[in-house]
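Examining the three-dimensional arrangement
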Amino acid sequence: MSKQAPKARNVPTKVPGIYKTDSVRDVAESLNITNLPDIVASALASDVEYRIQQVVEEAARFMRHAKRTTLTTGDIDQALRVLNIEPLYGHFPYNPPTFRRALPFPQMQSAGTVYFVEDEEIEFDRVLREEKVTLPKGVTWTAHWLAVEGVQPLIPENPPAIPKDIDPESAAAKQAAPSNVPGSIFPPTPPSSDRPSPIQAAKQPQQHIAVKQVLSRELQLYYTRLTSSLLPPTSDYAKRTAALASLRHDAGLSPLLPYLVRWVGQGVVDALRSGSQSENDGRVLEVLLDVIGALLDNQTLGVEPYLHQLLPSIFSILLHSALPPSHAVQLRTTAAQILSHLLTHYSTTYPGLSSRIVKTLIVGLIGEGKSRSTREGAIRGLMGIGKEAVRQGLVKHQGAKIVGDECMPGESSPLVELVMEALRMIHPPSTHPTPLNPDSGGDGTIIEELRGKLGHFFAERVVGDSAWARGILSDDSPDT
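Residues numbered from 1 in each chain as written. Predicted model: local features only at pLDDT ≥ 70, side-chain atom pairs only at ≥ 80, totals over all residues. Heavy atoms only, no water.

The protein chain has the name TBP-associated factor 6 in an unreviewed UniProt entry, where Trametes coccinea is given as its organism. The UniProt entry for the protein chain carries the following comment under Sequence similarities (unreviewed entry): "Belongs to the TAF6 family." What UniProt states about the protein chain under its Subcellular location (unreviewed entry) heading is, verbatim, "Nucleus". (UniProt positions renumbered as here; feature names shortened; annotations may be inferred.)

Once that is clear, we can look at the overall build of the protein chain. Scanning the protein chain from terminus to terminus reveals 21 helices and 2 strands. Here the protein chain holds 480 residues, and the buried ones make up 36% of them. Long-range contacts, defined here as pairs at least 24 residues apart, represent 63% of the contacts in the protein chain between residues at least 6 apart. Roughly 31,100 Å² of accessible area belongs to the protein chain as shown, and the carbon and sulfur atoms make up 57% of that amount. (Helix = DSSP H or I, 4+ residues; strand = E, 2+ residues; numbered from the N terminus. Buried < 20%, exposed > 50% of the residue type's maximum accessible area, 1.4 Å probe, protein only. Contact = heavy atoms within 4.5 Å. Areas by Shrake-Rupley, 256 points an atom, 1.4 Å probe, with all protein chains shown as cover.)

What follows concerns helix 21 (residues 466–473). Where burial is concerned, most of helix 21 is hidden: 6 out of the 8 residues are buried. Along helix 21, the residues classified as buried are Ser466, Trp468, Ala469, Gly471, Ile472 and Leu473. Tucked into the core, helix 21 has its buried residues touching helix 16 (387–396), helix 18 (414–426), helix 19 (441–453) and helix 20 (455–462). Capping the start of helix 21 is the job of one residue whose side-chain oxygen sits 3.3 Å from the backbone nitrogen of alanine 467: aspartate 465. (Polar contact = N/O pair within 3.5 Å; in protein donor to acceptor, adjacent residues only side chain to side chain.)

Another aspect to go through is a negative patch on the surface. The grouping of Glu120, Glu121, Glu123 and Asp125 at the surface amounts to a negative patch. Counting through the fold element by element, glutamate 120 comes out in the loop between strand 2 (115–117) and helix 4 (124–129). (Patch = residues over 30% accessible without salt bridge, like charges linked within 9 Å, V, L, I, M, F, W, Y side chains within 5 Å. Salt bridge = Lys/Arg side-chain N within 4 Å of Asp/Glu carboxyl O. Lys, Arg positive; Asp, Glu negative; His and termini not counted. Charge placed at Lys NZ, Arg CZ, Asp CG, Glu CD.)

Its volume calculated, the second largest pocket comes out at about 300 Å³. In terms of lining residues, the second largest pocket is bounded by Thr70, Leu71, Thr72, Thr73, Ile76, Asp77, Leu88, His91, Pro93, Pro96, Pro97 and Phe99. By residue number, the principal contributor to the lining of the second largest pocket is helix 3 (residues 73–82), which donates 3 residues. Its residues assigned to classes, the lining of the second largest pocket shows 7 nonpolar, 4 polar and 1 charged. (1 Å grid on protein atoms, 1.4 Å probe; cavity = no way out; pocket = protein on both sides within 12 Å on 5 of 7 lines; lining within 4 Å. Points joined across faces, edges and corners; volume = space filled by probe spheres on them. Nonpolar A, V, L, I, M, F, W, Y, C, P; charged D, E, K, R; others polar.)

Next up on the list: the nonpolar core. By size, the foremost hydrophobic cluster in this structure holds 89 residues, and its most contacted members are Leu423 and Leu450. In terms of residue count, helix 11 (residues 279–297) provides more of this core than any other element does, 10 residues in total. Sequence-distant contacts of leucine 423, defined by excluding residues within four places in its chain, comprise Leu394, Leu454, Val462, Trp468 and Ile472. With 5 residues, the next largest nonpolar core counts Ala28, Leu36, Ala41 and Ala45 among its residues. (Core = buried A, V, L, I, M, F, W, Y, C linked by side-chain atoms within 4.5 Å.)

So, about the pattern of salt bridges. Taken as a whole and judged by the stated rule, the model has 16 salt bridges. Put simply, arginine 273 and aspartate 270 hold a salt bridge, and the shortest N to O gap is 3.4 Å. With a gap of 3 residues between them, arginine 273 and aspartate 270 both fall in helix 10 (residues 257–273), about one helical turn apart. Between glutamate 460 and arginine 451 there is a salt bridge, with its nearest N and O atoms 3.2 Å apart. According to the relative accessible area criterion, arginine 451 is partly exposed, its value standing at 28%. Salt bridges sharing common partners tie together Asp22, Arg25 and Asp38.

Below, the discussion takes up the packing of helix 1 (residues 21–30) against helix 2 (residues 38–65). It is at 8 Å that the axes of helix 1 and helix 2 come closest, and there the two elements cross at 105°. It follows that helix 1 is roughly perpendicular to helix 2 by the angle criterion. Contacts between helix 1 and helix 2 involve Thr21, Val24 and Arg25 from the former and Asp38, Ala41, Ser42, Leu44 and Ala45 from the latter. (Axes fitted to C-alpha atoms, helices over the stretch in contact; angles between N-to-C directions. Parallel < 35°, antiparallel > 145°, perpendicular 65-115°, else oblique.)

Over its 14 residues, helix 15 (residues 372–385) runs 20 Å from end to end, which matches the ideal 20 Å to within 8%, given 1.5 Å per residue. Counting buried positions over the 14 residues of helix 15 gives 10, a clear majority of the element. Positive backbone phi, at 155°, marks glycine 386, one or two positions downstream of helix 15. (Expected span 1.5 Å × (residues − 1).)

Structure, rendered in structure tokens:
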């Protein structure tokens with residue numbers, strides 16, 4: 001019995017897919033991959049076809065949920081996003097491309113149906129007749145000041161300033177108010193027992209509204225609590241110390257700087273306005289000087305634009321003729337120290353600042369009709385600046401001679417002691433002094449020069465030390 005021959009197994013024919021292997025080879029050749037095996041090309045074509053079917057199925061799901069029967073590019077984008085694939089750019093659902101069917105190719109029957117996007121035909125005559133479109137400039141970058149010290153500059157790059165509405169009633173009240181009543185942009189310290197507040201005197205509600213447009217509510221509250229902690233001087237000492245520390249170290253106070261400077265200037269004017277100063281006025285001036293010093297110590301504030309407003313307050317306290325007796329020396333010493341600090345930090349920014357301050361002090365020292373208190377304040381200011389400023393005021397401009405002519409013979413007053421201290425600052429006295437000999441020719445010339453520049457009153461106090469006298473008269477004496 002013979003065995004039957006085994007039946008040949010039918011090998012299933014592979015049905016070609018939609019994505020052809022030729023397309024895979026074209027892509028490979030564009031990537032410089034040649035001689036791609038048929039097995040690899042077939043596997044890649046199958047995988048691409050599977051991915052396309054997966055995207056189309058997801059897109060069809062979005063189409064059905066949208067109750068539509070037409071698949072759009074938006075559905076494809078949603079499907080790609082769900083599958084975590086980067087979407088295709090340049091296709092919009094509101095402007096879908098129109099595909100046209102190409103005519104069949106008799107030479108290539110196996111090519112199948114081909115669809116293409118028809119390009120728009122543009123007539124050159126129509127393009128030439130139309131108005132030319134000017135291309136915009138490219139994107140560029142430029143720098144400009146958004147704000148300078150809290151103030152927005154009026155330049156085209158910044159938005160226009162908001163116009164402030166003017167209240168006719170407040171404007172009429174402002175015109176009817178006396179000219180000597182001080183106005184205030186922002187409410188100052190609550191009034192003390194002996195002096196009303198400028199806001200209560202002027203009553204200008206429109207100015208409150210103008211400030212609220214500039215300052216935030218937090219800064220307004222900070223300003224009110226700060227000024228109420230500083231003045232009146234009978235307030236809590238701990239609060240005043242904390243307020244000065246805040247002015248000295250806190251950042252972000254630039255919007256309040258003009259209001260604080262104005263408040264200090266108005267406080268100095270109010271305290272010095274009356275002829276007879278009380279002890280309360282002296283304490284007020286001490287607090288205001290501490291505020292100026294704290295503002296100058298704060299490195300985050302740009303005080304340079306406000307120096308011309310701070311200097312009058314410092315000079316008013318330094319050169320005023322009728323300060324409270326118990327506070328006069330302390331006030332003038334503090335003002336002189338503030339002047340020295342101001343010149344140390346801002347003389348390089350303003351090269352002419354030092355000469356202007358020295359000239360102002362020299363005028364207060366040698367001016368005709370100046371009181372002894374004003375001359376004393378000028379000398380303390382020159383001593384705070386340095387010995388060369390003292391030399392210019394007392395020796396070159398003969399300030400010591402003017403003071404000596406107003407003194408009685410043998411007088412020993414605080415002003416006389418201050419002048420002698422300033423002369424010792426110019427050049428220190430010798431430990432073993434040798435008096436000048438009037439019979440000697442050289443010493444006689446020095447004595448005459450001393451009497452011409454220092455006057456007889458102070459020359460007699462210096463002639464007992466020849467080295468000291470020569471050091472005072474010399475312009476290039478060594479530093480001590």
